[in-house]
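Structural description and commentary
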Amino acid sequence: MNIVLKVGGGRASWWKQHLSTLLSEAKVYLANEEMNRDDIDYAVVWKPEPGWLRTFENLKCIVSIGAGIDHVLCDPELPVHLPIIRTTSPDLKVRMREYVTLHVLRLHRRLPEIVAAQSAREWRQIIEPPAHERRVGIMGLGNLGADCAVTLAAIGFDVAGWARSEKTIDRVACFAGEATRNAFLARSDILVCMLPLTPETEGILNADLFDRLPDGAAVINVARGQHLVNEDLLAALDRGKVCGATLDVFHVEPLPIDHAFWDHPNVLVTPHIASLIDPIAGGERIAENIKKFDAGELIADLVPQGRGY
Ligand code: NAP
């Protein structure tokens with residue numbers, strides 16, 4: 001079995017070593033190493049450049065290092081017949097659950113105002129309604145979104161979720177499809193975007209959506225920067241329609257140093273850390289999925305052909 005590995009940053013050699021240990025029968029090549037491209041069976045990738053995957057003529061499968069596959073599907077020359085496996089190791093869920101819970105609670109308990117009051121040495125007691133009077137809306141009830149919805153409901157929040165297909169989740173009001181979107185938004189005091197990036201969801205966090213939220217709602221985006229129309233959020237913040245935003249993902253990452261989000265008093269910027277894949281656990285999951293694929297076994301992480309996320 002031959003694998004080509006395309007990862008960014010300085011961890012490429014580490015990944016090669018890790019996957020070689022886990023898949024002792026495989027030969028693992030880094031993208032810049034000498035290899036016979038026709039012998040490559042699997043490509044394990046993060047943000048491959050457009051046209052690169054097509055150069056491996058006998059590829060059996062593409063493996064995304066991460067839960068999203070938008071970084072693969074955006075390649076206009078992608079061999080579309082190839083199966084794609086995403087990586088959804090359990091630690092991704094745990095980290096996302098921690099992040100979303102932390103930031104929903106921060107907005108719910110108006111922590112930014114408490115911190116500002118402390119800076120002014122002001123004893124400011126803010127009494128907020130209890131969680132069951134706060135309506136949280138989760139856009140996307142997939143692997144990560146459903147887990148966060150269940151966690152927030154367990155804390156006591158009044159939680160709703162929105163997805164493409166109908167769902168039944170204990171203590172979560174589930175909305176499905178375009179026809180229900182506005183009703184879902186109208187009951188989202190804190191809106192969390194956990195959608196995949198697809199042609200349908202790109203730019204979904206826009207002026208029209210903000211107008212449909214309750215006045216003074218808050219927004220958390222942990223999905224992709226391209227879901228958000230930046231100018232529309234800034235305008236909604238400036239007129240008080242949206243009272244605060246927590247943003248973990250951006251159109252350009254790192255967020256450019258002169259971007260308005262950095263200084264905005266009602267925006268919290270975090271550097272795409274909501275749920276980074278743990279390379280050890282992620283590598284184990286990738287190796288397990290490749291072994292299963294090779295043996296023709298069922299793989300939960302296999303993306304249904306044509307679904308687009
Ligand atoms: P997932 O399992 O693919 O779930 C996606 C959910 O979105 C599903 O419930 C799906 O509906 C729904 N959906 C898709 N298109 C829709 C549409 N047009 N309208 C309404 N609902 C739609 O994804 P996931 O693993 O939970 O991950 C979600 C996203 O989180 C990823 O794609 C990635 O962008 C982001 N992410 C961010 C970080 C970070 O560190 N910030 C880390 C990991 C992932 P159905 O259930 O009906 O299919």
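Structure's up top.
Residues numbered from 1 in each chain as written. Predicted model: local features only at pLDDT ≥ 70, side-chain atom pairs only at ≥ 80, totals over all residues. Heavy atoms only, no water.

**Remarks on the overall build of the protein**
Our working rule: Helix and strand labels come from DSSP, where a helix needs a run of H or I of at least four residues and a strand needs a run of E of at least two; each type is numbered from the N terminus. The reference for a compact globule is 2.2 Å times residues^0.38; the radius of gyration itself is calculated from the C-alpha atoms. Here's how the labels work: a residue is buried when its accessible area is under 20% of the maximum for its type, exposed when over 50%, partly exposed in between, all with a 1.4 Å probe on protein chains only.
Helices and strands together make up the secondary structure of the protein, namely 10 helices and 12 strands. Here the C-alpha radius of gyration of the protein, 21 Å, is about what a compact globule of 309 residues would show, namely 19 Å. Dimensions of the protein, computed from C-alpha atoms along their principal axes, come out at roughly 65 × 40 × 30 Å. Scored against the burial criterion, the 309 residues of the protein give a buried share of 52%.

**As for the pattern of salt bridges**
Put simply, the rule is: Salt bridges are defined as contacts in which a side-chain nitrogen from Lys or Arg sits within 4 Å of a carboxyl oxygen from Asp or Glu.
All chains considered together, the criterion is met by 21 salt bridges. With a shortest N-O distance of 3.8 Å, K60 and D294 are connected by a salt bridge. Of this pair, K60 sits in the loop between β3 (42–45) and β4 (61–64) while D294 is found in helix α10 (residues 279–294), placing the two residues 234 residues apart along the sequence. For D294, a relative accessible area of 41% translates into the label partly exposed. A salt bridge links E113 to R110; its shortest N-O distance comes to 2.8 Å.

**A short note on the sheet that holds strand β6 (residues 135–139)**
The test is simple: Pairing between strands is defined by DSSP: at least two bridges between the two strands are required. In this analysis an axis means a line fitted to C-alpha atoms, helices contributing only their contacting stretch, and an angle means the value between N-to-C directions, from 0 to 180 degrees. Here a residue-residue contact requires only that any non-hydrogen atoms of the pair lie within 4.5 Å.
Here we have seven strands laid out as an open sheet, ordered β8-β7-β6-β9-β10-β11-β12, and parallel in their pairing. Each of the sheet's edge strands pairs with one partner strand only, and the pair in question is β8 (172–176) and β12 (267–269). On average, adjacent strands in this sheet sit at an angle of 15° to one another, irrespective of strand direction. Against the sheet, helix α8 (residues 230–238) touches β11 (242–247) and β12, its axis set at about 140° to β11.

**Digging into the packing of helix α1 (residues 12–22) against α10**
Put simply, the rule is: Every angle not falling under 35 degrees, over 145, or within 65 to 115 is termed oblique; those three ranges are roughly parallel, roughly antiparallel and roughly perpendicular. The sense of a crossing depends on the near helix, which, turned anticlockwise from the far helix by less than a right angle, makes the crossing left-handed and, turned clockwise, makes it right-handed. As a working rule, the residues Ala, Val, Leu, Ile, Met, Phe, Trp, Tyr, Cys and Pro are called nonpolar, Asp, Glu, Lys and Arg charged, and the rest polar, with Gly in that last group.
Where α1 meets α10, the axes come as close as 10 Å, and the angle between the chain directions of the two elements is 45°. On the basis of the axis angle, α1 is oblique to α10. As for the relative orientation of α1 and α10, their crossing is right-handed in sense. Contacts from W14, W15, H18, L19 and L22 of α1 reach α10 at P279, I280, G282, G283, E284, I286, A287 and K291. Its residues assigned to classes, the contact of α1 with α10 shows eight nonpolar, three polar and two charged.

Limitation: the analysis is restricted to geometry and does not speak to function.
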